[in-house]
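One letter stands for each residue in the lines below.
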Amino acid sequence: MNWPFPPDETPDHVVEHETATWGPLAEAARELVDLCVMSDVDPEEVAAATADVEAAVARLRKVRRTQTLGQEHLPAGRRRPWGNPVIGLRNPIAPPLQVHSVPEGRSESDFHCGPAYEGPPGLVHGGVVALILDQVLGHAVGAKGRPGMTGTLTIVYRQGTPLGDLRVEAWVEREDGIKTWAKAQVIGPDGVTAEAEGVFILPRAIREQLA
Ligand SMILES: CCCCCCCCCC(=O)SCCNC(=O)CCNC(=O)[C@H](O)C(C)(C)COP(=O)(O)OP(=O)(O)OC[C@H]1O[C@@H](n2cnc3c(N)ncnc32)[C@H](O)[C@@H]1OP(=O)(O)O
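Bear in mind the structure is a predicted one, so any value in this text is a computation, not a measurement.

Parameters and conventions
Residues numbered from 1 in each chain as written. Predicted model: local features only at pLDDT ≥ 70, side-chain atom pairs only at ≥ 80, totals over all residues. Helix = DSSP H or I, 4+ residues; strand = E, 2+ residues; numbered from the N terminus. Domains from an automatic or database assignment. Pairing = 2+ DSSP bridges. Axes fitted to C-alpha atoms, helices over the stretch in contact; angles between N-to-C directions. Buried ≥ 20, exposed ≤ 12 C-beta atoms within 10 Å, placed from the backbone. Near = placed C-beta within 6 Å. Nonpolar A, V, L, I, M, F, W, Y, C, P; charged D, E, K, R; others polar.

## Looking at unusual backbone geometry
Link 1 in the chain: Here the bond from Pro95 into Pro96 is cis, since omega is -15°, no more than 30 degrees from zero.
Link 2 in the chain: Examined against the element boundaries, Pro96 turns out to sit in the loop between α3 (69–73) and β1 (100–102).

## Description of the domain arrangement of the chain
Link 1 in the chain: The assigned domain composition of the chain is domain 1 (1–96) and domain 2 (99–210).
Link 2 in the chain: Centre-to-centre separation of domain 1 and domain 2, based on C-alpha positions: 22 Å.

## A look at the sheet that holds strand β5 (residues 179–188)
Link 1 in the chain: Ordered by their spatial adjacency, six strands build an open sheet running β1-β2-β4-β5-β6-β3, and the pairing between neighbours is antiparallel. Each edge of the sheet is formed by a strand with only one pairing partner; in this case those strands are β1 and β3 (149–157). Mean inter-strand twist for the sheet, computed between neighbouring axes without regard to direction, equals 15°.
Link 2 in the chain: Across eight bridges, the pairing between strand β2 (residues 106–113) and strand β4 (residues 164–176) is antiparallel. Bridge pairing in β4 places Asp110 opposite Arg167.

## Considerations on the environment of Ala130
Link 1 in the chain: Tracing the sequence through the fold places Ala130 in helix α4 (residues 126–143).
Link 2 in the chain: By the C-beta count within 10 Å, which is 16 here, Ala130 ends up partly exposed.
Link 3 in the chain: Each C-alpha atom, one on Ala130 and one on Glu195, is 9.4 Å from the other, the two residues being 65 residues apart in sequence.

## A word on the pairing of strand β6 (residues 191–201)
Side-chain direction in a regular strand flips from residue to residue, so the side chains alternate between the two faces of the sheet.
Link 1 in the chain: Pairing of β3 with β6, which is carried by eight bridges, proceeds in the antiparallel orientation. Across the sheet, residue Ile155 finds its bridge partner in β6, namely Ala196.
Link 2 in the chain: Two elements, β5 and β6, share ten bridges in a ladder whose sense is antiparallel. Bridging from a neighbouring strand, Gln185 pairs with Glu195 of β6.

## Focus on the site of the ligand
Link 1 in the chain: Close to the ligand lie 15 residues, the nearest being Gly138, Gly151, Thr152, Pro203 and Arg204.
Link 2 in the chain: For the shell around the ligand, the elements supplying multiple residues, two or more each, are α4, β3 and β6.
Link 3 in the chain: If you tally residues by element for the shell around the ligand, the top one is α4, at five residues.
Link 4 in the chain: Here the residues of the shell around the ligand are counted per class, giving four nonpolar, seven polar and four charged.

Shown next as C-alpha cells:
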C-alpha cells in the first residue's frame, strides 16, 4: 500500500546544500533554546543577547515561505521532513531524533532530551514523551509499508523519564486491512519509562484515491 504521492526527486546536491545552509541555524537555535532555560548570566548580558537575537530575527523575517515545509515537500518527501518537531533538521524544537528503521516494521533511536523538555523537576514532560512515541510509531508503520494517520494513541507512563540520554523503540504488532497496530517504548537508565500502543489508519481520502 503506497501513498499516492510522487517520490521526492530533488537532486542530492540540492538537499546537501539546503542541509548545510539551514542545519547550522537550527543547531544554533537549539542551543539558544537550551540557554534561554539554563543560562545564568547577568541582566546586562541578557539585554545584549536579546538585541542580538532580535537582529537575527529581523534578517530571517525578510522572506517568509508561503507554504509550510511539510506542504511543500509532500508527505512522500521523507528525505526532507525538516519542519517536523521530532526529527526536523530545520526545527529547533526537535531534539532532533535520528530514527533508524527496517522494512520488517521496526524503528529505533538513541536521543537526548535536555532541560527545555522538562515537565516534572528533572523529568521529561509527558506530552513530549507522547510526541516522541507517536513519531517513532509512525516510522515503524511507514517502514512496513503501512502508512497512516494516528487514530488512537494509548500511553502508559511507568516511571518518570529522566532528562538526558534516552532510547525509543517501536515495532508493528499486527495489520488488518487499512489498520495497523504498533507498540513502542521509551527506555531510560533505569529501564522502560513509558509504553505506547498506536492504531494507524489509512485515511478515507487516501483510500478513495487508491480505489
Ligand atoms: C517516516 C516518517 C514517519 C512520520 C511519522 C509521523 C508520525 C506522526 C503521526 C501523527 O501525528 S498523525 C496526526 C494525528 N492524527 C490525526 O490527526 C488523525 C485525525 N483523524 C483522522 O484523520 C481520521 O479520523 C482517521 C484517519 C483516523 C480515520 O478516518 P477515516 O474516515 O479514514 O475512518 P472511517 O470512519 O472510514 O473508519 C475506518 C475504520 O477505522 C476505524 N477508526 C476510525 N477512526 C479511528 C480512530 N480514531 N482510532 C481507531 N480506529 C478508528 C473505524 O472504526 C473503521 O474501522 P472498521 O473498518 O473496522 O469499521
